[in-house]
Amino acid sequence: MGLTKQYLRYAPSGTFNIIASADCNSAHVSLNGISGRYIAVGACEHVIIWDMRIGEKAQVIPGENVVVSQIAASPTGNHMAVGYVDGNINVFELTNNEIVCVFAGHKSPVTSLQYDEQGHRIVSGSKDTEVILWDVVSETGVARFSGHKGAITSVLFINGKNCIISSSKDTFVKFWDIETKHCFKTLGGHQVEVWSAVLLKEERYLVTGSMDQELRVWKLNWTDKMKEEDKLVQQLEIVKIEETDNTEDTSVLQCHQVGTLVRGGRGRVVGLCTDLGQTVLGCFGTDSLLELFIFCSDDEAKARMTKRVKKQKKKLAKLKESGEADGDMVEVKELLTLSDEVRRLTSVKLSAKIKSASLLLGMTGELRVGVTLANNTVEMHSLKLGEESDVKCLKQITQPGHQKEPRCVAISSDNLAIISAAADSIKLWNRTSQACIRTIPVPCGRPCAVCFLPGDRHAAVGCADGTLLLIDVAAATVSEQIPAHTGACNSVGLLPDLRGCYTGGADKTVKIWQFELIPDPTGDSKAKVLSLLHTRTLELEEAVCAVRVSPNNKFIAVGLMDSTVKIFFLDTFKFYLSLYGHKLPVLCLDISYDSTLIATGSGDRNVKIWGMDFGDCHKSIFAHNDSVTALQFVPSTHYLFTASKDGKIKQWDADTYENIITLNGHAGACWCVCVGAGGLVSAACGADGALRLFTRTDEPLVLGDLDEQEEGLATGEQHAPVPGLPGLVMPTKKTIGAEKAADSILECLSVGAEYEREVTAARGQHVPVPLLMTAYNCTTAEDFLLETLRKIRSSDLEEALLLLPLNAAGEMVRLVGALLSRAGGEHAELLARAACFLLRVHRAPLLADTNHLKHLIQIQARAHMRINELRDMVGCNLHALQWARREVEADRSEQLFRVSTGQRRARHARTKLRHALKRPIVSIT
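Residues numbered from 1 in each chain as written. Predicted model: local features only at pLDDT ≥ 70, side-chain atom pairs only at ≥ 80, totals over all residues. Heavy atoms only, no water.

## Topic: helix H12 (residues 850-892)
Rules: Secondary structure elements follow DSSP: runs of H or I of four or more residues count as helices, runs of E of two or more count as strands, with numbering from the N terminus. One less than the number of residues in a helix, times 1.5 Å, gives the span that helix is expected to have. Should any heavy atoms of two residues lie within 4.5 Å, those residues are considered in contact. Two N or O atoms form a polar contact when they lie within 3.5 Å of each other; inside protein one atom must be a possible hydrogen donor and the other a possible acceptor, and for residues adjacent in sequence the pair counts only when both atoms belong to side chains.
With 43 residues, H12 ought to run about 63 Å at 1.5 Å a step, and its terminal C-alpha atoms sit 63 Å apart, in line with that. The inward-facing, buried residues of H12 abut helix H9 (806-820), helix H10 (828-841) and helix H11 (843-848). With a side-chain oxygen positioned 3.0 Å from the backbone nitrogen of Asn851, the residue opening H12 is Asp849.

## Describing the packing of helix H5 (residues 736-762) against helix H7 (residues 781-790)
Under the convention used in this document: Orientation is described by lines fitted to C-alpha atoms, with helices fitted over the stretch in contact, and by angles between N-to-C directions that extend from 0 to 180 degrees. The scheme is simple: roughly parallel for angles under 35 degrees, roughly antiparallel for over 145, roughly perpendicular for 65 to 115, oblique for anything else. Any residue that is not Ala, Val, Leu, Ile, Met, Phe, Trp, Tyr, Cys, Pro, Asp, Glu, Lys or Arg is counted as polar, Gly included; the first ten are nonpolar and the last four charged.
Running from N to C, H5 and H7 point in directions that differ by 170°, and their axes come no closer than 9 Å. When the axes of H5 and H7 are compared, the pair comes out roughly antiparallel. Touching Ser744, Ile745, Cys748, Leu749, Val751, Gly752 and Glu756 of H5 are Ala781, Glu782, Phe784, Leu785, Thr788 and Leu789, all from H7. In terms of residue class, the contact of H5 with H7 is made up of eight nonpolar, three polar and two charged.

## Quick look at H9
Filter applied, for reference: Throughout this description, buried means an accessible area under 20% of the type-specific maximum (1.4 Å probe, protein chains only), exposed means over 50%, and partly exposed covers the range between.
A rise of 1.5 Å per residue sets the reference length of H9, with its 15 residues, at 21 Å; its end C-alpha atoms lie 21 Å apart and thus fit the reference within 8%. When we look at burial in H9, the residues that qualify are Ala808, Ala809, Gly810, Met812, Val813, Leu815, Val816, Gly817, Leu819 and Leu820. Contacts from the buried residues of H9 go to H5, H7, helix H8 (797-802), H10, H11 and H12.

## Topic: the pattern of salt bridges
Worth spelling out the cut-off: What makes a salt bridge here is a side-chain nitrogen of Lys or Arg within 4 Å of a carboxyl oxygen of Asp or Glu, nothing more.
Counting across every chain of the model gives 23 salt bridges. Where Glu291 meets Arg344, a salt bridge forms, and the shortest distance between an N and an O atom there is 3.0 Å. Here Arg344 lies in strand S25 (residues 342-344) and Glu291 lies in strand S24 (residues 289-295), a separation of 53 residues in the sequence. On the basis of relative accessible area, Glu291 is assigned to the buried category, the value being 2%.

## Topic: the packing of H5 against H9
Convention followed: Here is the rule for handedness: rotate from the far helix to the near one, and if that takes an anticlockwise turn smaller than a right angle the crossing is left-handed, while a clockwise turn gives right-handed.
Where H5 meets H9, the axes come as close as 11 Å, and the angle between the chain directions of the two elements is 65°. Put simply, H5 runs roughly perpendicular to H9. Seen along the crossing, H5 lies across H9 with a hand that is left-handed. Contacts from Ile745, Leu746, Leu749 and Glu756 in H5 reach Ala808, Glu811, Met812, Arg814 and Leu815 in H9. For the contact of H5 with H9, the residue count by class is six nonpolar, no polar and three charged.

Written out as structure tokens, the structure reads:
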């Protein structure tokens, strides 16, 4: 056996420059009992909770390799549900960032998430047109609702009626009954996509946003317990009746459009949002205007109606006196209209396109508006509802990130600092803390290349307009702007002797520059400042894409637009070699430390490794699935990193041509990758706006071993009705976790059955317990099965049981019956759940076998008894706590828990009622 090379693994060590991802929503959260101060936003694969008072990160909920697409905070304030683009949903505990449960049911990005009012259930919608209801307490899927033909845009709970509303791009809004798991009403009043929907005013109104300038307002009338006279009264309020409905509709829900709210913003509706009390409506489109509406209380609406009717009557009387009134004009009817119910608030004008908004209404009438913008910014605004006040900006977070995506990045020679450049600014970062320590505005075109100069106190930046910027890093200023090229300056680098630098541009030239110290042209200081002196120019036939000088200071290699690489002698600029073989322009190249190898990356997705002595191609590697955008050798090695528009960063061995490791970095194109001194760190930037840092670890890497995380992703099989069981539609999908759980159950049953056979054959003699059972600290097959089931994730249990064959299901039924026969039922709920699901899947075979039927009858009796014991215990504990609360209140004359808040609200309501009685009574007919 030959010797193998040992490589060291690179691991992600940080993601920064992201304040808020544009493709994820935002949400107000409560931390340590404080609300109105913290906003949670998605940041690539992480969730960041920003403290909007001090403008810093209060908490980061870490993710894996999948980008966050949707977040929702629980009403209780202790959990955060996070939906990802792969369709999975993780529920995190906010106190310690631990994952409470994982829900795998969707196969496309999650587009909408919402908790119910108790925080016990979550409803999710996805681009796969499915709506799924999840139970957070039991950590399982409850139901899958299928019926939409387009991506889901909103999902809402009607808490009072145990229903779900979903809107979709198929132009329909559907109402789903959770108990029957079926759609009982479809709203078809839209001609184009429904982009968002919210419930307002105690779930009485539904507001939907579409492609036009109007928000449609629908009134929900539940007819299950309505008197006939109430039906007549409500029918009089209808302004516009749906074509699909009539007054004799037998549905339990009558949904009628009562009017529209005219928007002032341009384009389609991007999102609608409301506060927890469903009082204020926020609407934003494709521009930077956030419009706010408030749905008035019943008393205020009646007062507005009275005022409006009085004004109309006065106007009608004047017309009659002047004789201008028509004879057919009748008296003004006292009908409550939408204009009485809704009042427009001051709109919020922002500095960039709005991507998401969240509202929070305080007890004092202050409205907190949190918004995320398209330019990587989070803002918090405040508005007083009582008076006509202007909107006040409380905090704007822009400093920790570029407002445009960074296109180039470089690491200092001591690996302590990172510089990144985007179209808006150049930023200097501390590598260890990943904090932004300097920000320099870009005075000219978009930066294309950047590098640190010797001493790391200055940096050179090449821009798209041909300008070369000389940056004073310490002072955070642009010390000099040099018109280096007439086209884009695509490449900037240091000469190996560190006495100068080179630049390559789209004007078909490569220029050599020499460092020099000149007196300060501003006259502010007597000290000399760094400048560049142009010494030589290399003229070429094509535009220059990339330039490198060999470390031995002999050659200069130039990648050209004609898909070739030309190598020249550096001292005389005489032609040396031409490397041809790429089919598209060479976008990047680098030369190894010993000047023996040159690697080139092209738009044809190939990386070619050439010899510098004869220009022969050693190997052509199909490296990526898209254009190779960046390439760099690790110092003092023949290992190289490549980056591509497919978002991946790969490390290669240029001697053996092996792919050492693939780093799944960016969501979108990766524009640049650079390696620090000694190869200790690597940094990359991409189209997702993130700067990613990778650190070399001491963990050895063996080629050929697949990472479990790469192969352990969800298999992507989503359940339609289970074959042979058309009535069984699983809310979850089969994952690698479910397959492993099924294997563990089968192994448990096999080991347990073998052990029981050995015990029976021994006839009372001692039989050693199998090692696997000993590891679980079990002595019987029943205990072994119980421990195995307890270690399975609750959301994977049904999927694992579905994969079991019939004989394993029968053996499980026997063992579950024996477990339930024991005293103590702390695991009765888990066992009963497993037995019920097995009966649903294998109903006919289990009932046909007399042995299995005997065990099922035993399970039915024992499970009923154990579940009743658990119910009695919970009820006893609940009443004991209530009694303890009453005793404490009687002793201290205090009120605990939320009763005091409820009684204060009741007193407030009685006070408002007394004030209302003093007003004139208005009858609505």
